[in-house]
Amino acid sequence: MMNIPMVDLKTQYHNVKEEIDKAILDVVENTTFINGPAVKEFQTALETYMGVKHVINCANGTDALQIAMMALDLQPGDEVITTSFTFVATVEVIALLQLIPVLVDALPGTYNIDPVALEKAITPKTKAIVPVHLFGQCADMEAIMDIARRHNLRVIEDNCQAIGAYYTFSDGTRKQAGTMGDIGTTSFFPSKNLGCYGDGGAMFTNDDILAEKLRMISNHGMKVRYYHDSIGVNSRLDTIQAAVLKVKLPHLDTYIANRQRAAAYYDNAFGNHPKLTIPARDPKSTHVFHQYTMVLNGVDRADLQAKLQEKGISSMVYYPVPMHMQKAYADVRYQEGDFPVTEALSRAVMSLPMHTELTEEQLAYVVGGVLEVLS
Ligand SMILES: *Cc1c(COP(=O)(O)O)cnc(C)c1O
C-alpha cells in the first residue's frame, strides 16, 4: 500500500537541501536574524518575478490582509465585500478592524466570488472588495476591476493561494495574480505554493504612496526610528524565512508546472466520471493548483474519504463551513440558505493530494483508489 499525503514538503526540501541548509546557516552564522540581507534580496527578486513595483514583506498572510486594509484608511462601519467561500482570515481581519464584512456567493464552477452578486451587494457604505483567488485560479478580475472603477472602490486581492498565476484581460493585458488591484497579499505558510519554513507573508502594490504606508504600518507606524506617525503593527519576515524563500523562488515556475501536470492527470482520469465534477477553468486565468478540488455528485463524502484513507490516500475538505455559517461570523444579516452555491460547495467539495513532488506512480495510485471506491 502506498501512503499519499496532501503535501510532501520533505521530498521538496531534499531536492534543494544543500542550498537551503547553506542559506539558513549563513543567517545563523552572521546572526542577522531580523532584517538581514536576504530579506531585501528576496523582496527584490520577488518584485522582478511578479512584475510589480513594490513587495512589502510581513509576518504572515493574515497580517498582510490586515495591514492592507489599515493602509486604505477604512473607517469603522465601512463595508468590505468578500466571498463566503474562503479561508477565515479574509473575513477575520475585516471584522477585527471594526469594518463590516459583507459576504457574497461563489460561482459553482471556479468557486470564486460571483461578480454579479458582488455588484448587487454594494451600498453607499461599501469601500472595498477583497476577491480571493481560491485554490490557485484568479477571480473574475476583469469584472471586479470594472465594478470597482464604476463604484469607486478599492481592491485588495487575497492572493495567498495563487502566487504565480496569470490573468489575461480582454484587451490582451496580462498581469500576475496579486498585481491587479490596489494591493495584493500573499502567505508563505509552508504548504502554500511558495512556502517558507515557518510563517511569512507579503503585500504587493504598484502605488508608491500605498507602498510607503504598508511599509510604515508593518513597522510600528514608524518611518524615522522611534517617531510613530500612525498606529502600526509589528509584522516582519524573518531573515531565515527570506533566505529559504530566496532559494525556492527560482524553482516556483517548476513547482507550478508540477502541480499543473498533476492536475491534468486528475482531469484526464475524472473528467467524464458521472459522480465527479472537476474544477472549471476560467479561460482568462492560469491555474496554479494550490488545491485540486472536485465536486462530488451524490457521493457520501465522509464515507469516500474514510475508504480512501484505508488505502493510504489523503483527502481534505476546503472548506466545510461557509463564513456566514461560522459561529464567529454568523450575523443577524445572514442565515442558512442565503448563499446556496457556497453552501452546496461546502457540502460537496473534496480536495485530493496536490503538491510539487507527485510522481506518475502516486497519481495512478490515487486515481485508481478513487475510481475503485466510487465503482
Ligand atoms: C493561507 C491563507 C491566508 C492566511 O495566511 P497565513 O499566512 O496563514 O496567515 C489568508 N487567505 C487565504 C485565502 C489563505 O489561503
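Quick caveat, the model's predicted, so the values are computed rather than measured.

### Here we look at the site of the ligand
Near the ligand the following residues occur: Asn 60, Gly 61, Thr 62, Phe 87, Ala 89, Val 132, Asp 158, Cys 160, Gln 161, Ser 187 and Lys 192. Side-chain polar atom of Asn 60 to an oxygen atom of the ligand: 3.5 Å apart, as the coordinates give it. In this structure, Thr 62 approaches the ligand through a side-chain N or O atom, which is 2.5 Å from an oxygen atom. When the ligand sits alone it has 380 Å² of accessible area, and the protein chains cover 92% of it.

### What about the sheet that holds strand E11 (residues 292-296)?
Sheet strands associate in pairs through backbone hydrogen bonding, adopting either a parallel or an antiparallel arrangement. Strand order in the open sheet formed by three strands is E10-E11-E12, with antiparallel pairing between adjacent strands. Because the sheet does not close on itself, it has two edges, and the strands there are strand E10 (276-277) and strand E12 (349-352). Running at roughly 15° to E12, helix H11 (residues 301-310) makes contact with E11 and E12 of the sheet.

### Points about the nonpolar core
Membership of the largest hydrophobic core comes to 59 residues, with the highest contact counts inside it found for Phe 42, Leu 46, Leu 118, Phe 188 and Leu 194. For this core, the secondary structure elements donating two or more residues are helix H2 (17-30), helix H3 (37-50), strand E3 (100-104), helix H7 (141-151), strand E9 (201-205), helix H9 (239-248) and helix H10 (252-270). With six residues, the single largest contributor to this core is H3. In this structure, this core is formed jointly by two domains, domain 1 (9-250) and domain 2 (252-374), each of which donates at least three residues. Contact partners of Phe 188, with chain neighbours within four places excluded, come to Phe 42, Leu 46, Ile 163, Leu 194, Gly 195, Cys 196, Gly 198, Gly 200, Gly 201, Ala 202, Leu 237 and Leu 245. Judged by nonpolar contacts, the second largest core, of 24 residues, contains Cys 58, Ala 68, Met 69 and Ala 89.

### Section: the pattern of salt bridges
By the definition in use, this model includes 14 salt bridges. The partner of Lys 53 in a salt bridge is Asp 208, and the shortest N-O contact between them spans 2.9 Å. With Lys 53 in the loop between H3 and strand E1 (54-58) and Asp 208 in helix H8 (residues 208-218), this residue pair connects regions lying 155 residues apart in the sequence. By relative accessible area, Lys 53 is classed as partly exposed at 47%. Residue Asp 208 is classed as partly exposed on the basis of its relative accessible area of 39%. Salt-bridge contacts for Asp 303 lead to Lys 307; the nearest nitrogen and oxygen are separated by 2.9 Å. One end of the pair is Asp 303 and the other is Lys 307, both in helix H11 and four residues apart, which spans about a single turn. For Asp 303, a relative accessible area of 33% corresponds to the partly exposed category. Taken together, the shared-partner salt bridges connect Glu 119, Asp 146 and Arg 150 into one network.

Definitions and cut-offs
- Counting restarts for each chain, with residues numbered from 1 along the sequence as it is written.
- Predicted model: local features are reported for residues with pLDDT of at least 70 only, side-chain atom pairs are reported and counted for 80 or more only, and whole-chain, interface and lining totals are derived from all residues.
- The side-chain quantities take in all heavy atoms of the structure and omit both hydrogens and water.
- Think of it this way: one heavy atom of a residue within 4 Å of a molecule or strand is enough to make that residue near it.
- For this analysis, a polar contact is any N or O atom pair within 3.5 Å, provided that within protein one partner can donate a hydrogen and the other can accept it, and provided that sequence-adjacent residues contribute only side-chain to side-chain pairs.
- Under the convention used here, a 1.4 Å probe and the Shrake-Rupley method define accessible areas, while residue burial counts only the protein chains that appear.
- Two strands qualify as a pair provided that DSSP identifies no fewer than 2 bridges between them.
- In this description a helix means any DSSP run of H or I spanning at least four residues, a strand means any run of E spanning at least two, and both kinds are numbered starting from the N terminus.
- Residues are treated as being in contact if the distance between any of their heavy atoms lies within 4.5 Å.
- Structural elements are reduced to axes, namely lines fitted to C-alpha atoms, with helices fitted over the stretch in contact, and the angle between N-to-C directions of any two is expressed from 0 to 180 degrees.
- Nonpolar core, defined: a set of buried Ala, Val, Leu, Ile, Met, Phe, Trp, Tyr and Cys residues in which side-chain atoms within 4.5 Å join the residues together.
- Burial here depends on accessible area, computed with a 1.4 Å probe over protein chains only, as a share of the maximum for the residue type. Under 20% is buried, over 50% is exposed, and the range in between is partly exposed.
- Those domain boundaries reflect an automatic or database domain assignment.
- For salt bridges, the criterion is a side-chain nitrogen of Lys or Arg within 4 Å of an Asp or Glu carboxyl oxygen.

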